[in-house]
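# Close look at the chain arrangement
Here is how the chains run, residue by residue.
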Amino acid sequence: MGMEVEVGGSSESDSKIWEQIERSESYLVCSMFEEAASSASSVLNQLRDDRQAIATRDDIQFYDMLESTGMVLVQALNELGRVSEILNELKQSFSSVAAIPLQVLLTGACFQISQSPSGVRKFLEEFLSKWRLVDERYVLAGAEAGVDYVEGCGGHFCLGVDKYLDVVEVYVMKLLGATLNDIDFAISWVEKADLPEDRRQELLRRLHSLHSMKATTLSRGSAALLADNKQAHSSNLKQQSTFEGSPKVLDDNYPLNGGKTGKQAVLKLSKRVTPCLWWFRTINLKLGNAQVAISNGKIALGCLILLIYWIFRRRQTTLKGIVQRQALNIKKAMVDLWQLAFSYQVNPLAAVQSSPVPLRGGQR
């Protein structure tokens, strides 16, 4: 009789817990992420602490409760932007890392790897180290001796090979290989891990392939960078040879000594500036006792004035004709305007004609 009451109480408790889980899922669907996270965390704490319910509750149903609630918690924290807290929250909500449902663990780890990979490595290593391969399945360490290693786990002491290797895949390929780029350690870990031999060889083959691909990419990048540097160096050498081909100045006054880099720099600078200073040189002319200094600039200016005068003389007739035509056009326009202004008819007798005298009433 007491057993029936206990089962009935357990069934009633299960219904209440499922109601709370459904409520937290409704919060998540309605984008009430803070409420969903708080509700899911409360349910997980209740399931962890209710040891008597664990003893009487069906293991599969209890595991479903943990998985459903854990998924709500992980997704709510992800939506709240608290990705870095996911794994810590799971460790606090479960009595052990191995007690976390596998789907919840993988989802939380993938979320955190994509945004905040710090802490994921230690977390996954702790989970993987708690399982041993026994008779083609993974058994929780200590469970084969009858030790209740995981409190609140509901007797979930076994894990299939495929499920365990799903975690290995995330740890080795996604975290170590792709994210942290620690392929050498990943290869070493796979070689020492307790894995089926065929799966071990497959992982090693993929890791070596990934290592070769990254090495090839790195070598190509280095070769491209070396080619760019070589091209830039060649361009600098061409520029230097071009500058050194300029008119030489100051070679006799400033001979180069062994490693005098300062003088070399001054000499190269003077060679580059020399062509620009040609216009400012002077020509000294000596006429008897008088000496006249004429700069190249003045000579160039005089030549320019002569050139302008010569062009003006050549074009004088043309310019004169253009001016005359413009003057004639203006004169013709003024005459036409004057004729138009005084072209109406005028009566020459209008000024001498007297206005008519009105008739008086007394005259006949």
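If you're wondering where the values come from, they're calculated on a predicted model, not measured in any experiment.

Conventions adopted
Residues numbered from 1 in each chain as written. Predicted model: local features only at pLDDT ≥ 70, side-chain atom pairs only at ≥ 80, totals over all residues. Heavy atoms only, no water. Core = buried A, V, L, I, M, F, W, Y, C linked by side-chain atoms within 4.5 Å. Buried < 20%, exposed > 50% of the residue type's maximum accessible area, 1.4 Å probe, protein only. Helix = DSSP H or I, 4+ residues; strand = E, 2+ residues; numbered from the N terminus. Contact = heavy atoms within 4.5 Å. Patch = residues over 30% accessible without salt bridge, like charges linked within 9 Å, V, L, I, M, F, W, Y side chains within 5 Å. Areas by Shrake-Rupley, 256 points an atom, 1.4 Å probe, with all protein chains shown as cover. Salt bridge = Lys/Arg side-chain N within 4 Å of Asp/Glu carboxyl O. Axes fitted to C-alpha atoms, helices over the stretch in contact; angles between N-to-C directions. Parallel < 35°, antiparallel > 145°, perpendicular 65-115°, else oblique. Left-handed = near helix turned anticlockwise from the far one by under 90°. Nonpolar A, V, L, I, M, F, W, Y, C, P; charged D, E, K, R; others polar. Pairing = 2+ DSSP bridges. pLDDT = per-residue confidence, 0-100.

## Describing the nonpolar core
Nonpolar side chains tend to gather and get buried jointly when the protein is soluble and globular. Formed by 66 residues in total, the largest nonpolar core has its most connected members in Leu90, Leu105, Leu124, Phe127, Val168, Val172 and Leu195. Here the element with the most residues in this core is helix H8 (residues 161–179); it accounts for 11 residues. In contact with valine 172, other than residues within four places in its own chain, are Gly177, Ala186, Trp189, Val190 and Leu207.

## Focus: the side chain of asparagine 78
Mapped onto the fold, asparagine 78 is located in helix H4 (residues 59–79). By relative accessible area, which is 18% here, asparagine 78 ends up buried. In contact with asparagine 78, other than residues within four places in its own chain, are Val83, Ile86, Phe111 and Gln115.

## Describing a nonpolar patch on the surface
Nonpolar side chains collect at one region of the surface, where Leu301, Leu304, Ile305, Leu307, Ile308, Trp310 and Ile311 lie side by side and expose about 710 Å² of accessible area between them. Within the fold, leucine 304 resides in helix H12 (residues 296–314). Taking the relative accessible area as the measure of exposure, leucine 304 reaches 45% and is therefore partly exposed.

## Let's talk about the packing of H4 against helix H6 (residues 102–115)
One way to put it is that H4 packs onto H6 with a least axis distance of 8 Å and a crossing angle of 15 degrees. On the basis of their axis angle, the class for H4 and H6 is roughly parallel. Crossing angle aside, the handedness with which H4 passes H6 is left-handed. Between H4, through Tyr63, Glu67, Gly70, Met71, Val74 and Asn78, and H6, the contact on the second element is made entirely by Leu102, Gln103, Val104, Thr107, Gly108, Phe111 and Gln115. Per-class residue counts for the contact of H4 with H6 are 6 nonpolar, 6 polar and 1 charged.

## Remarks on the sheet that holds strand S3 (residues 158–159)
Across the sheet, 3 strands lie side by side as S1-S2-S3; this open sheet has antiparallel pairing. A single partner strand is all that each edge strand has here, and the edge strands are strand S1 (131–133) and S3. Examined bridge by bridge, S1 and strand S2 (residues 138–140) share 3 bridges and lie antiparallel to one another. Counterpart to leucine 133 in the pairing with S2 is tyrosine 138.

## Quick notes on the pattern of salt bridges
Taken as a whole, this structure holds 8 salt bridges when the rule is applied. Close ionic contact of glutamate 34 with arginine 82 constitutes a salt bridge, the shortest N to O distance being 3.7 Å. Within this pair, whereas glutamate 34 is found in helix H2 (residues 33–49), its partner arginine 82 is found in the loop between H4 and helix H5 (86–93), the two being separated by 48 residues in sequence. Assessed through its relative accessible area of 46%, glutamate 34 is described here as partly exposed.

## Digging into the side chain of arginine 200
In this fold, arginine 200 is placed in helix H10 (residues 197–244). Other than its neighbours up to four places away in sequence, arginine 200 contacts Val190, Glu191, Lys192, Ala193 and Leu195.

## Remarks on the confidence of the model for the protein chain
In the predicted model, the protein chain carries a mean pLDDT of 76, and the fraction of residues at 70 or more is 63%. In the model, residues 144–155 has pLDDT below 50 throughout and makes 23 contacts with residues more than four positions away in sequence or in other chains. Confidence drops under pLDDT 50 across residues 246–259; counting only partners more than four residues distant or on other chains, this segment forms 15 contacts.

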